[in-house]
Amino acid sequence: MNQLSDRLNSLSPSATLAMSQKSSELKAQGVDVINLSVGEPDFNTPDHIKEAAKKAIDENYSRYSPVAGYPALRNAIVAKLKNENGLEYTAAQISCANGAKQSVCNTIMALVNKGDEVIVPAPYWVSYPEMVKLAEGTPVIVRAGIDQDFKITPAQLEAAITPKTRALILCSPSNPTGSVYTQEELKGLADVLAKHERVIVIADEIYEHINYIGKHQSIAQFAEIKDRVVIVNGVSKAYAMTGWRIGFIAAPEWIVKGVNKLQGQYTSGPCSVSQKAAEAAYTGTQAPVEEMRKAFERRRDLIVKLAKEIPGFEVNVPQGAFYLFPKCDSFFGKKDGDRVIANADDLAMYLLEVGHVACVGGTSFGAPECIRMSYATSDENIVEAMRRIKETLARLK
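This structure is a prediction, so every number in the text was calculated from the model and none was measured. Chains are numbered independently. Their residues run from 1 in the order of the written sequence. A pLDDT threshold of at least 70 governs which residues receive local features in this predicted model, and a stricter bar of 80 or more applies before side-chain atom pairs are shown or counted, although totals over entire chains, interfaces and linings include all residues. Heavy atoms throughout the structure, all of them, feed into the side-chain values; hydrogens and water do not.

1. Section: the sheet that holds strand E9 (residues 323–324)
So, point 1. Two strands pair if DSSP finds at least two bridges between them. In this text, helices come from DSSP runs of H or I with a minimum length of four residues, and strands from runs of E with a minimum of two, each type numbered from the N-terminal end. In space, the three strands of this open sheet follow the order E9-E14-E13, with antiparallel pairing throughout. Each edge of the sheet is formed by a strand with only one pairing partner; in this case those strands are E9 and strand E13 (360–361).

2. Quick look at unusual backbone geometry
So, point 1. Following Ala122, the chain continues into Pro123 via a peptide bond in cis, with omega recorded as 5 degrees.
So, point 2. Summarising the element assignment, Pro123 is placed in the loop between strand E3 (117–122) and helix H6 (127–134).
So, point 3. Each neighbour pair has its own omega, and for Ser172 with Pro173 the value is -10 degrees, a cis peptide bond.
So, point 4. By secondary structure assignment, the location of Pro173 is in the loop between strand E5 (165–171) and helix H8 (183–193).

3. Notes on the sheet that holds E3
So, point 1. Taken together, the seven strands give an open sheet; going across it, the order is E2-E8-E7-E6-E5-E3-E4, and neighbouring strands pair in mixed fashion. Edge positions in the sheet fall to strand E2 (94–97) and strand E4 (138–143), since each of these pairs with one other strand and no more. Geometrically, the sheet is characterised by an average inter-axis angle of 20 degrees between neighbouring strands, direction not taken into account.
So, point 2. Pairing of E3 with E4 involves six bridges; the strand directions are parallel. Counterpart to Ala122 in the pairing with E4 is Arg143. Lines fitted to C-alpha atoms define the axes here, with helix axes fitted over just the stretch in contact, and angles between the N-to-C directions of these axes take values from 0 to 180 degrees.

4. Some words on helix H9 (residues 253–266)
So, point 1. The terminal C-alpha atoms of H9 lie 20 Å apart, and with 14 residues this matches the ideal 20 Å at 1.5 Å per residue to within 8%.
So, point 2. Note on exposure labels: buried denotes an accessible area under 20% of the residue type's maximum, exposed denotes more than 50%, and partly exposed covers the range between, all computed with a 1.4 Å probe on protein chains only. What H9 keeps buried is the set Ile255, Val256, Val259 and Gln263. Summarising the axial view, the buried residues of H9 lie within an arc of 95 degrees, below the 170-degree limit, and thus occupy one face. Away from the buried face of H9 by more than 90 degrees, exposed residues Lys257, Lys261 and Gln265 are located.
So, point 3. Buried positions along H9 lie against E2, helix H5 (100–111), strand E6 (200–204), strand E7 (229–234) and strand E8 (247–250). Here, expected helix span is obtained from the residue count minus one, scaled by 1.5 Å. Here the arc refers to the directions that run from the helix axis out to each C-beta atom. Only heavy atoms enter the contact rule, under which two residues are in contact if any of them lie within 4.5 Å.

5. Focus on the UniProt feature "domain: Aminotransferase class I/classII large" (unreviewed entry) in the chain
So, point 1. As annotated in UniProt, the feature "domain: Aminotransferase class I/classII large" (unreviewed entry) corresponds to residues 32–389 in the numbering used here.
So, point 2. Within residues 32–389, the helical portion is 37% and the strand portion 15%, while the C-alpha atoms at the span's ends are 14 Å from each other. UniProt positions are given in the numbering used here, feature names are shortened, and annotations may be inferred rather than shown by experiment.

6. Structural notes on helix H3 (residues 47–58)
So, point 1. With 12 residues, H3 should cover 16 Å at 1.5 Å per step; its first-to-last C-alpha distance of 17 Å lies within 8% of that length.
So, point 2. Every buried residue belonging to H3 is among Ile49, Ala52, Ala53 and Ala56, and all of these are buried. For H3, the angular spread of the buried residues around the axis is 100 degrees, confining them to a single face. Of the exposed residues in H3, those oriented more than 90 degrees away from the buried face are Asp47, Lys55, Ile57 and Asp58.
So, point 3. At its buried positions, H3 is contacted by helix H10 (272–283).
So, point 4. Asn60 sits one or two positions beyond H3 and adopts a positive phi of about 65 degrees.

7. Regarding the nonpolar core
So, point 1. Nonpolar cores were defined as sets of buried Ala, Val, Leu, Ile, Met, Phe, Trp, Tyr and Cys residues, with membership established by side-chain atoms within 4.5 Å. Of all hydrophobic cores here, the largest spans 81 residues; its most connected members are Ile108, Phe313, Met373, Met386, Ile389 and Leu393.
So, point 2. Broken down by element, this core gets its largest block of residues, seven residues, from helix H11 (residues 287–308).
So, point 3. Here Ile108 is in contact with Met131, Val132, Ala135, Ile169 and Ile202, once residues within four sequence places are set aside.
So, point 4. The next biggest cluster of nonpolar side chains, apart from the first, holds 49 residues, and it includes Ile49, Tyr181, Ala203 and Ile225.

So, in structure tokens, the structure goes:
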């Protein structure tokens, strides 16, 4: 009998990975698909980081590292947090993992018991609720629509907290919306959280450096809750290092010890060579980060302009990351021949199969009225993709 565990059967497949795979399959068949479904920079890792990795290989960094990562990398992260964010941590408060994704999951698994509630603002990254379910917790979804720029309010947060609430997962800049919480907005949330001492904040800041409104603001800056904040970050987005798989948490030492205990039993420390590359990313020149940020901002402006010219789309202006999340429910119920668009997932599949542009429907992001488009691609691809989308949607009656 082939029977998977109930734990695994409770999880949903990743919609973003599924759409990317479908796009790749069509490309393999010779279809000219423009892929706007992928959540990774299209730039190469900066040369000085690659050189550090080559040097690490030559210097035989080929053995197991400490579970939490090399001290040199953790100290580099401590310096980054102090210099860029004004936050004081020690190396003992840092734990490195195989990407920020594992860092989020490690934290949830270390903190959440069966029946605990975890507040997840929607739209959310597809994996957050699934990770909570994996820990046998209960995701509590708090919805924020395009009318509030996809950001929850202090009143919404207060209303969602119960005696069972264990954590809040906050992503800013956001995947999938690109929304960024201001310092004032974070202060409002922190004031609510200060009244609820059992609630931990998991602050996913992986898109920190892809920010179009100025200095990144972390909810860990507020002293009254800092000892209950777990910052999650890494090198994948800012340094175009998605495949290197290095993320980290910065957190109270008791949480870090718990995460290290967990990680020590199922993956141990992350890749040794990747750690030396990440150390170079944090300690070396930051010029490539700013060059990429400027390119993303230019692309943001381009895709927003073109999306606003598509009848039926409702578009806000994302302030970070590299996603556009237009509201598209005006197309629901429309037809192209016998094909009926029932929801955003149908619309995304229609755009892929008819328009040959890969996007991701918003259902798995907790926003079934929207679709996600990644503009981590060339200006030429963006222009052509939006032309195809506009032309394809015009067929729906």
